[in-house]
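Overview (structure and organization)
The residues making up each chain are set out below.
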Amino acid sequence: MDSYVTGDVAAFNDYPCIGPIPVLSQRAVQVLKDLLGPCGELLPLTSDIGDYFAFNILTKSEALDVENSEAEFAPSTGKETAFSIDHFEFHRDQVGQHAIFRVREMPAYVLVTDAFKTRVDQAGLFGFQFSKLWPLPRGERWEILEMREKRNRDQTLQPLRGQSLTIDLFYDGAESDAEDALINSLVEKISGVLAGHRDSKESSFVGAVEGVEMLEGQDRIWIVCPEAETVARIVLPVLRDINWPGVCGMTLFRGNRYDPNTKVKKVTVE
């Protein structure tokens, strides 16, 4: 029997994950099936945005060269489970045996080979973020490289988050449980509508819910996007359908919302 899952996941995401558990889209499974098969089992999941599979990694490799790695272990456990590994070294004759695996010393990490990464890159799968662990020069920490890569990704994505929009929900009186539930439902619906505008590699990113801000007598749903006007047109029908008991509106920021020179437009939903 398939397990039903919910969450704020865009339809184009091929690797959303559930905590430390890898989760792959149907498309990702088709691309990677021959690499996944020898290393674990695929467990079907069902969601409102499509079929996904949790991947239970059954391969626990002994490839880590503990003596030459830089790892911190608890004195009471010897060299069983590490608090952290700053520098990885692997036994070359063992590291290529499995395309995706875990190591006993750091079981929460999902490790893959270059062959796995190359397959993902060539197929244009979304959602995977890789950090190089090995080989690296002695003294160079993989976490530092990961932070640099993250900064580069953020700079690349910045134009896609150049504008923003808030959905402004005002209360006539005290906030009720029913209104809380309505806001949660609204966030889920808006996330789904925005995700539906990018369900393939060729589609463009429209926007995404960044969070909910609770204020005195008002809640705001923040959306980041390339063009606030486009998002306003997309979410307006959703807002008209919810029958919010108080005043409902939108605030469009045509630029950085923290810049005092950014043009702001307010819209009331009727």
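Because the structure is predicted, anything quoted here is derived from the model rather than measured.

Turning our attention to the sheet that holds strand β10 (residues 163–170). Strands sit in the order β11-β12-β10-β13-β14 across an open sheet of five strands; the sheet is antiparallel. Both outer strands of the open sheet, β11 (208–215) and β14 (263–268), are each paired with one neighbouring strand and no more. In this sheet, adjacent strand axes meet at a mean angle of 20 degrees when their direction is disregarded. One ladder, built from seven bridges, connects β11 with strand β12 (residues 218–225); its direction is antiparallel. When the sheet's bridge partners are listed, M214 is paired in β12 with D219. On top of the sheet, helix α5 (residues 177–195) reaches β10, β11 and β12; it is set at about 160 degrees to β11, its chief contact.

Attention now moves to the packing of α5 against helix α6 (residues 228–241). Packing of α5 against α6 brings their axes to within 10 Å, and their N-to-C directions diverge by 135 degrees. When the axes of α5 and α6 are compared, the pair comes out oblique. When the axes of α5 and α6 are compared, the crossing they make is right-handed. Residue-level contacts link L186, K189, I190, V193 and L194 of α5 to V231, I234, V235, V238 and L239 of α6. For the contact of α5 with α6, the per-class residue count stands at nine nonpolar, no polar and one charged.

Right, let's talk about the pattern of salt bridges for a bit. Inspection of the entire model under this criterion finds 13 salt bridges. The salt bridge involving R119 is made with D34; its shortest N-O contact spans 2.9 Å. Taken together, the residues R119 in helix α3 (residues 114–123) and D34 in helix α1 (residues 26–36) connect sequence positions 85 residues apart. Residue class for R119 comes out partly exposed when judged on its relative accessible area of 27%. Where K117 meets D121, a salt bridge forms, and the shortest distance between an N and an O atom there is 2.7 Å.

On to the pairing of β14, then. The element β14 is largely exposed, with a buried count of zero among its six residues. Sheet topology places strand β13 (residues 248–254) next to β14; six bridges connect them, and they run antiparallel. Across the sheet, M250 pairs through a bridge with V267, a residue of β14.

Before going further, it helps to spend a moment on unusual backbone geometry. The amide bond that connects W134 to the next residue, P135, takes the cis arrangement and shows omega of -5 degrees. Within the secondary structure, P135 is located in the loop between α3 and α4 (142–157). We note that C17 has phi near 70 degrees; this positive angle belongs to a residue other than glycine. Note that C17 resides in the loop between β1 (3–4) and β2 (23–25). Unusually for a residue other than glycine, N243 sits at a positive phi of about 55 degrees. For N243, a relative accessible area of 63% puts it in the exposed group.

Rules used throughout
Residues numbered from 1 in each chain as written. Predicted model: local features only at pLDDT ≥ 70, side-chain atom pairs only at ≥ 80, totals over all residues. Heavy atoms only, no water. Pairing = 2+ DSSP bridges. Helix = DSSP H or I, 4+ residues; strand = E, 2+ residues; numbered from the N terminus. Axes fitted to C-alpha atoms, helices over the stretch in contact; angles between N-to-C directions. Contact = heavy atoms within 4.5 Å. Parallel < 35°, antiparallel > 145°, perpendicular 65-115°, else oblique. Left-handed = near helix turned anticlockwise from the far one by under 90°. Nonpolar A, V, L, I, M, F, W, Y, C, P; charged D, E, K, R; others polar. Salt bridge = Lys/Arg side-chain N within 4 Å of Asp/Glu carboxyl O. Buried < 20%, exposed > 50% of the residue type's maximum accessible area, 1.4 Å probe, protein only.

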